[in-house]
Amino acid sequence: MNLLPIRLKIAPFLLAFALGVAGFAGTSCTTTGKKSKSSTTTAAPTGAPAPLPTSTGTQDSYSRVATSLPFIALTFDDGPHPTNTPRLLDLLKSKNVKATFYVVGTNVRRYPEIMRRIVAEGHEIGNHTVNHPNLTKLSDDGVRKELRDCHQAIVSTTGVAPRTLRPPYGAITSAQKSWIRKEFGYPSIMWSVDPEDWKKPGSSVVTSRLVSGAGPGGILLVHDIHAPTIDAMPATIDQLLAKGYQFVTVTQLIAMEHKG
Ligand code: NI
């Protein structure tokens with residue numbers, strides 16, 4: 001089988017990521033610049049990074065995305081929190097890292113300014129229900145109301161619709177995943193690495209669990225409501241960048257499915 005056509009198809013795809021992701025900005029872009037003209041039809045303003053492709057994929061659920069490309073998604077659950085989330089946003093901005101926030105509807109209503117800041121700074125929002133119940137213990141109508149009310153709270157606050165669900169506690173049945181996908185369009189997003197940060201094992205432990213557990217297409221689960229988790233992020237991000245990983249949002253990661 002001749003691999004050449006495949007490589008030619010992948011090269012512009014990789015370039016699209018290289019242009020938009022932290023660590024590849026600046027002079028490194030010029031090394032792949034010769035491929036740029038063949039890649040996209042939507043021209044970004046001069047000097048601005050090209051937007052990364054996004055997708056919600058075709059599976060009902062993802063715990064990681066099947067790719068060999070060195071991309072991972074950092075996900076923060078249960079916020080926004082009035083002090084920890086802004087501190088995290090400052091940090092993510094300083095490192096030019098984009099993340100995904102699985103927010104709880106009650107907190108969305110309480111902290112609308114933080115919600116708007118999350119979106120304004122290029123992060124992604126996902127649905128984590130209104131009241132954080134165990135979905136497997138609810139009727140279909142009960143689940144429907146939890147998802148719809150959180151969706152509406154996010155849309156009315158930020159103007160942006162969530163495209164993925166993280167079920168609280170990771171508790172969800174296969175049947176629920178299936179009808180939620182059909183009705184809301186949400187894939188259920190689980191995780192490939194859980195450092196159990198909510199048990200407060202210490203920031204260095206959270207960092208080492210995340211770094212040792214990360215792999216291509218990985219989805220990392222932490223909670224931005226806990227201060228020690230925010231404390232763990234500088235070393236976590238620096239060590240993962242040093243290992244060659246780049247951070248993307250969940251829908252950007254799904255768009256890399258079967259690439260690379
Ligand atoms: Ni949660």
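These numbers were taken from a predicted model, which means no experiment stands behind them.

Draft legend 1. The arrangement of the pattern of salt bridges in detail. Inspection of every chain in the model, using the stated rule, returns eleven salt bridges. Where Glu-121 meets Lys-93, a salt bridge forms, and the shortest distance between an N and an O atom there is 3.4 Å. Linking Glu-121 in the loop between α5 (112–120) and β4 (124–127) with Lys-93 in helix α3 (residues 84–94), this pair joins segments that are 28 residues apart in sequence. Judged by relative accessible area, which is 17%, Glu-121 ranks as buried. A residue is classified by how much of its surface remains accessible, and Lys-93, at 53% relative accessible area, is exposed. Two residues, Lys-199 and Glu-196, come together in a salt bridge whose shortest N-O distance is 3.2 Å. Overall, Glu-196 belongs to the partly exposed group, its relative accessible area being 29%. Where salt bridges share partners, they join Asp-90, Lys-93, Arg-117 and Glu-121 into one cluster.

Draft legend 2. View of the coordination of the nickel ion. For the nickel ion, the full set of protein donor atoms is Asp-78 (OD), His-128 (NE2) and His-132 (NE2), and the range of their distances to it is 2.0 to 2.1 Å. Spacing between the donor residues of the nickel ion along their common chain follows D-x49-H-x3-H. The class for His-128 is buried, based on a relative accessible area of 1%. A relative accessible area of 17% places His-132 in the buried class.

Here is what the cut-offs are and how they apply
Residues numbered from 1 in each chain as written. Predicted model: local features only at pLDDT ≥ 70, side-chain atom pairs only at ≥ 80, totals over all residues. Heavy atoms only, no water. Salt bridge = Lys/Arg side-chain N within 4 Å of Asp/Glu carboxyl O. Helix = DSSP H or I, 4+ residues; strand = E, 2+ residues; numbered from the N terminus. Buried < 20%, exposed > 50% of the residue type's maximum accessible area, 1.4 Å probe, protein only. Donors = N, O, S within 2.8 Å, 3.2 Å for Na, K, Ca; no water.

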